[in-house]
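What the coordinates show
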Amino acid sequence: MNSTPSRFPLFRVGVFLLLAALVTVSVTAGTPAPQLPSFSSLAEKAGPAVVNISTEKTASVGGGFFTPFGGPGDDFQDFFGRFFGGGGQGAPREFKQQSLGTGFVIDKDGLIVTNSHVVEKADSITVTMSDGKKYEAKVVGRDGKTDIALLRIEGAKGLPVLPLGDSDALKVGEWVVAIGNPFGLDHTVTAGIVSAKGRAIGAGPYDDFIQTDASINPGNSGGPLLDLAGRAVGMNTAIVAHGQGIGFAIPINLVKRIVADLKKSGEVTRGWLGVSIQDLDDKTAEYYGVPGKKGILVSAVVPGDPADKAGILAGDVITAYNGKAVSETRDISRLVAETPVGQKAVLTVWRKGEEKKLSVEVGRMEDDEDKTASRGKPHAAPQEGEEDTLGWSLSDITPKLARRLEIEDTKGALVLAVKRGGKAEKAGLEPCDIIREVNKKPVASASEVRAAVEGLKKGETAWLLVTRDGVLTVVKL
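As the structure is a prediction and not an experimental result, all values here were calculated from the model.

Things to note about the overall build of the protein
Of regular secondary structure, the protein possesses 11 helices and 27 strands. Looking at the protein residue by residue over its 477 residues, the buried ones come to 44%. If you sum the accessible surface of the protein, you get close to 25,200 Å²; carbon and sulfur atoms cover 53% of it.

Listed below in structure tokens is the structure:
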């Protein structure tokens, strides 16, 4: 018997590998790898309209270390001012603080946009063009709520203008380019993609940021975020502390709206309803029986304000504004703010198992608006009432307690205390909660709450609607 291994199997394997290689080469040759875009022509075209903004302001710091190379309030801290605190110890001293930022020209006769925090409290503002020309600039108007400012430089004509794009049409995954002056290095160009849209980062009530991984650093603040057509689709504003590749830009469509107001009157006019609102959690949505568990809960209504006049009630769940569905408080805050004062708006609300449409005439938000329909809990809970088997102590809301709580609505029962380990505590009740409803029925006193709870049959659940620090909360007892 011949024990020599046959070469035919090896031959077949070799032929197979050769054919596979040829097929791979053929497929690769037919589908060339995608080419990265070239950003050089874009940077060359857009660069002249991007400007360096330097400011000088009088600042004071406490004792401790101080050097002219940076300290509390330098350009690094100015950029991160919304996310960090600072300051030293000891007697304050005044000094001239200089900071750098970026802006871009939107009008050939000298209108420039940048971040509000770049020019806040500035004694003087100098704009330097890409060709080295310097101009003194004045603030036309600032809006701290969106961090947008409009500047004007006098005596300038025929300036290069950066075209504005449409941030609503921007898609996640698109290439974008940032141009700015990070750490004072003028006209630095970085590229990346749109990582996400509609980001809320806790910067303000109208958060709606474009997230990008294009490198953004201190000094980029106020500079443009560009699409591949060279149009500004955003204004670079912030980064995540201790993060890499995570930057945020204000959508250019919001910049356009704010700038239109600032150009017209130097200030921004926003709509106002006069309600306290909160996001709808699953438990509260179940309590109200809201379809789809989507909407915004009205926790309080300011007497005499537009919502009150339109018939909006605490406990209503707003599901749409002018036909547009809303599911987060920032959604409706932004929509209301953008509605012209005096214009009618239609609110779709869910109330007691029915959908209603209410027309409201939008009012004007004042800059110092601080109206609230309810206040937080007092520093110490009142020590009166009577504990029962549920492990809670309830009281009527007497005029004296109402004054201490700083509330006007005295209907309901005040939770004075909860027993550790008791049923009330396990359910989530807290001292100074105000019980407004039991199983969707309003209660006016502590005795009504007790009667409603004690009247339940074995196995039945008591759903309590309570006000806690001005926020409506549902507790399952």
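Next comes the rest of the account.
A short note on the pattern of salt bridges
Per the counting criterion, the structure on display carries 11 salt bridges. For Arg-364, the salt bridge is made with Glu-267, and the minimal N-O distance between the two is 3.2 Å. Remark: Glu-267 occurs in the loop between helix H5 (252-265) and strand E13 (271-272) and Arg-364 occurs in strand E20 (residues 363-364); sequence separation between them is 97 residues. Bridged by salt links that share partners, the residues Glu-430, Asp-433 and Arg-468 form one connected network.

Remarks on the pairing of strand E22 (residues 392-396)
Extensive coverage of E22 is indicated by the burial of 4 of its 5 residues. As judged from the 5 bridges shared by E22 and strand E23 (residues 413-418), these two strands associate in the antiparallel manner. Paired with Leu-394 across the two strands is Val-415, which belongs to E23.

As for the sheet that holds strand E8 (residues 188-199)
Strand order around the closed barrel formed by 6 strands is E7-E8-E9-E12-E11-E10, with antiparallel pairing between neighbours. Across the sheet, the mean angle from the axis of one strand to that of its neighbour is 45 degrees, orientation sign disregarded. With 3 bridges joining them, strand E9 (residues 209-212) and strand E12 (residues 247-251) adopt antiparallel strand pairing. Looking at E12, one finds that Gln-211 is bridged to Phe-248. Strands strand E11 (232-239) and E12 of the sheet are contacted by H5, whose axis makes an angle of about 50 degrees with E12.

Some words on the packing of aromatic side chains
Applying the stated criterion to the full structure yields 3 aromatic pairs. Each ring, one from Phe-39 and one from Trp-175, has its centre 5.6 Å from the other, and the planes form 55 degrees; the classification is tilted. Of this pair, Phe-39 sits in the loop between helix H1 (8-30) and helix H2 (40-46) while Trp-175 sits in strand E7 (residues 175-180), placing them 136 residues apart in sequence. Arranged with centres 5.1 Å apart and planes meeting at 90 degrees, the rings of Tyr-287 and Tyr-288 form a pair that is edge-to-face.

With respect to the nonpolar core
A general trend in soluble globular proteins is that nonpolar side chains are found buried together. Counting residues in hydrophobic clusters, the biggest one holds 25 residues, and the most contacted among them are Phe-104, Val-113, Ile-148, Leu-162, Leu-226, Ile-250 and Val-255. Among the elements of the structure, H2, strand E3 (111-114), strand E6 (148-153), E7, E11, E12 and H5 are those that each provide at least two residues to this core. Residues in contact with Val-113, not counting those within four places in the same chain, are Gly-103, Phe-104, Ile-106, Ala-149, Leu-150, Gly-222, Met-235, Val-255 and Val-259.

Thoughts on a negative patch on the surface
On the surface, a cluster of negative charge is made up of Asp-279, Asp-281, Asp-282 and Glu-286. When you line up the elements, Asp-282 lands in helix H6 (residues 282-288).

A short note on the side chain of Arg-330
Mapped onto the elements of the fold, Arg-330 is located in helix H8 (residues 329-338). Polar side-chain contacts of Arg-330 include one of 2.9 Å to the backbone oxygen of Asp-207. At a separation of 3.0 Å, a polar atom in the side chain of Arg-330 contacts the side chain of Glu-328. The residues contacting Arg-330, other than those within four sequence positions of it, are Gly-198, Arg-199, Ala-200, Pro-205, Asp-207 and Asp-208.

Focus on helix H11 (residues 446-454)
Where H11 is concerned, the buried positions are Ala-446, Val-449 and Val-453. Across the axial projection of H11, the buried residues extend over an arc of 60 degrees, all falling on one side. On its buried face, H11 is in contact with E22, E23 and strand E24 (434-438).

Cut-offs used in this document
- Residues numbered from 1 in each chain as written.
- Predicted model: local features only at pLDDT ≥ 70, side-chain atom pairs only at ≥ 80, totals over all residues.
- Heavy atoms only, no water.
- Helix = DSSP H or I, 4+ residues; strand = E, 2+ residues; numbered from the N terminus.
- Buried < 20%, exposed > 50% of the residue type's maximum accessible area, 1.4 Å probe, protein only.
- Areas by Shrake-Rupley, 256 points an atom, 1.4 Å probe, with all protein chains shown as cover.
- Salt bridge = Lys/Arg side-chain N within 4 Å of Asp/Glu carboxyl O.
- Pairing = 2+ DSSP bridges.
- Axes fitted to C-alpha atoms, helices over the stretch in contact; angles between N-to-C directions.
- Contact = heavy atoms within 4.5 Å.
- Phe/Tyr/Trp six-rings, centres within 6.5 Å; stacked < 30°, edge-to-face > 60°.
- Core = buried A, V, L, I, M, F, W, Y, C linked by side-chain atoms within 4.5 Å.
- Patch = residues over 30% accessible without salt bridge, like charges linked within 9 Å, V, L, I, M, F, W, Y side chains within 5 Å.
- Lys, Arg positive; Asp, Glu negative; His and termini not counted.
- Charge placed at Lys NZ, Arg CZ, Asp CG, Glu CD.
- Polar contact = N/O pair within 3.5 Å; in protein donor to acceptor, adjacent residues only side chain to side chain.
- Arc of directions from axis to C-beta.

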